[in-house]
Amino acid sequence: MASDSSRRLTCASFRRRRVLLIALLLAFFLFYSASWPLPPLNLSGVSSSLSRANIVSLVKGPPVEEIYGLLHFVTSDDDRMLSHSVKVDPGAPIDLTVYLGGEQPDWPSHMKRLREEYPLVVFSKTFCPHSKKAKKLLETYNLSPPPKIIEVDLRDDGDFIKLILTRLTEHSTFPNIILNGEGLGGNDDLHTLRAQGKLKKMFESAGMTVREDIVKEQETQ
C-alpha cells in the first residue's frame, strides 16, 4: 500500500510540474509574440543640439586637429596658397574646409597619406642659419621617407603659415619641425633630442627607416 501511495504522489507531482512548464512556455510565447507599442520619444529638448552636422561628426569619429589640415595643405602636389584674399584669421581656429581646396573631406585617407609619405615636415627658411643646421642634421639620418621641407620664405602665404604655426605649436621661429602631427620644436630642440639618444627612436616610432651606420658614424665624431 505504501508503495502504491508513493507512486501516486510521484505521478501527481510530475503532472503538476509538466502543467507548470507548459504554462510557462505558453506565457513566454504570448509575451514575445505580442506587439507592444513604444512610448513616444520627446526630442524637443535636444533637437537644437543634434543637428545634421553633429550626427555626421558622431558617425565619423572625433574631429581632426587643425595641424593635420595645414600639413595636408602644404604637402599637396598643386601650388595652392593661403592667400590674403581668403577670409580667415590665421590667429584663430580655421575651418578644415579651407585647407582642402575643394577636395573631398576624406580625412582618414588624407591622414593615412601624411603618415605614410610625410611623417616628418620641416617648416624652414632658406636664409635661416638655424634652419640650415637642422636640415643638415636630418640629412645624416638618411631617413625614408625623407623629410618634407617647406621653405616658407618662398611661398606667397608665408606670413599666413607663420601665424598659424605659432598658434598651433606655440613655436614662433624657424625651423618648426613636425613629426606625425606633433611639434618637436626648432634646431636647438632637435639637437637636444639627438644628444639624449631619443631622436632615432622617435623617427622609427613614426614609421621611418633610419640608416644606423650613418647615424653611429656621426655620433662618434
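The rules we used
Residues numbered from 1 in each chain as written. Predicted model: local features only at pLDDT ≥ 70, side-chain atom pairs only at ≥ 80, totals over all residues. Heavy atoms only, no water. Helix = DSSP H or I, 4+ residues; strand = E, 2+ residues; numbered from the N terminus. Buried < 20%, exposed > 50% of the residue type's maximum accessible area, 1.4 Å probe, protein only. Contact = heavy atoms within 4.5 Å. Areas by Shrake-Rupley, 256 points an atom, 1.4 Å probe, with all protein chains shown as cover. Pairing = 2+ DSSP bridges. Axes fitted to C-alpha atoms, helices over the stretch in contact; angles between N-to-C directions. Phe/Tyr/Trp six-rings, centres within 6.5 Å; stacked < 30°, edge-to-face > 60°.

Undergrad: Sorry, what's going on with the overall build of the protein here?
TA: Scanning the protein for helices and strands turns up 10 helices and 4 strands. Secondary structure elements of the protein occur, N-terminal to C-terminal, as α-α-α-α-α-β-α-β-α-β-β-α-α-α. Classification of the 221 residues of the protein by burial places 32% in the buried group. A separation threshold of at least 6 residues defines the contact pool for the protein, and within that pool the share at least 24 residues apart is 73%. Taken as a whole, the protein presents about 14,700 Å² of accessible surface, with 58% of it coming from carbon and sulfur.

Undergrad: I keep staring at the sheet that holds strand 2 (residues 148-151) and nothing clicks. Help me out?
TA: The pairing of strands in a sheet comes from backbone hydrogen bonds and takes either a parallel or an antiparallel form. A sheet is described by the order of its strands in space; here 4 strands give the open sequence 2-1-3-4, paired in mixed fashion. At either margin of the open sheet sits one strand with a lone partner, and together these are strand 2 and strand 4 (182-185). Taken pair by pair, the neighbouring strands of this sheet meet at an average axis angle of 25 degrees, ignoring direction. Alignment of strand 1 (residues 120-124) against strand 3 (residues 176-179), held across 4 bridges, turns out to be antiparallel. Its bridge partner lying in strand 3, V122 is registered against I177. Sheet strands in contact with helix 6 (residues 129-139) are strand 1, strand 2 and strand 3, and its direction is about 155 degrees off that of strand 1.

Undergrad: Looking at this structure, I do not really get the packing of aromatic side chains. What am I missing?
TA: For any two aromatic rings, the description comes down to two numbers: the centre-to-centre distance and the angle of the planes. The tally for this structure, following the rule as stated, stands at 2 aromatic pairs. Here the aromatic rings of F73 and Y99 are separated by 6.3 Å at their centres, their planes lie at 75 degrees, and the arrangement is edge-to-face. With F73 in helix 3 (residues 66-74) and Y99 in helix 4 (residues 96-100), the pair connects residues that are 26 residues apart, well separated along the chain. Since its relative accessible area comes to 0%, Y99 is described here as buried. For the ring pair Y141 and F203, a centre distance of 5.4 Å and an interplane angle of 80 degrees mean the geometry is edge-to-face. Pair noted here: Y141 is in the loop between helix 6 and strand 2 and F203 is in helix 9 (residues 199-205), with a separation of 62 residues, a long-range link.

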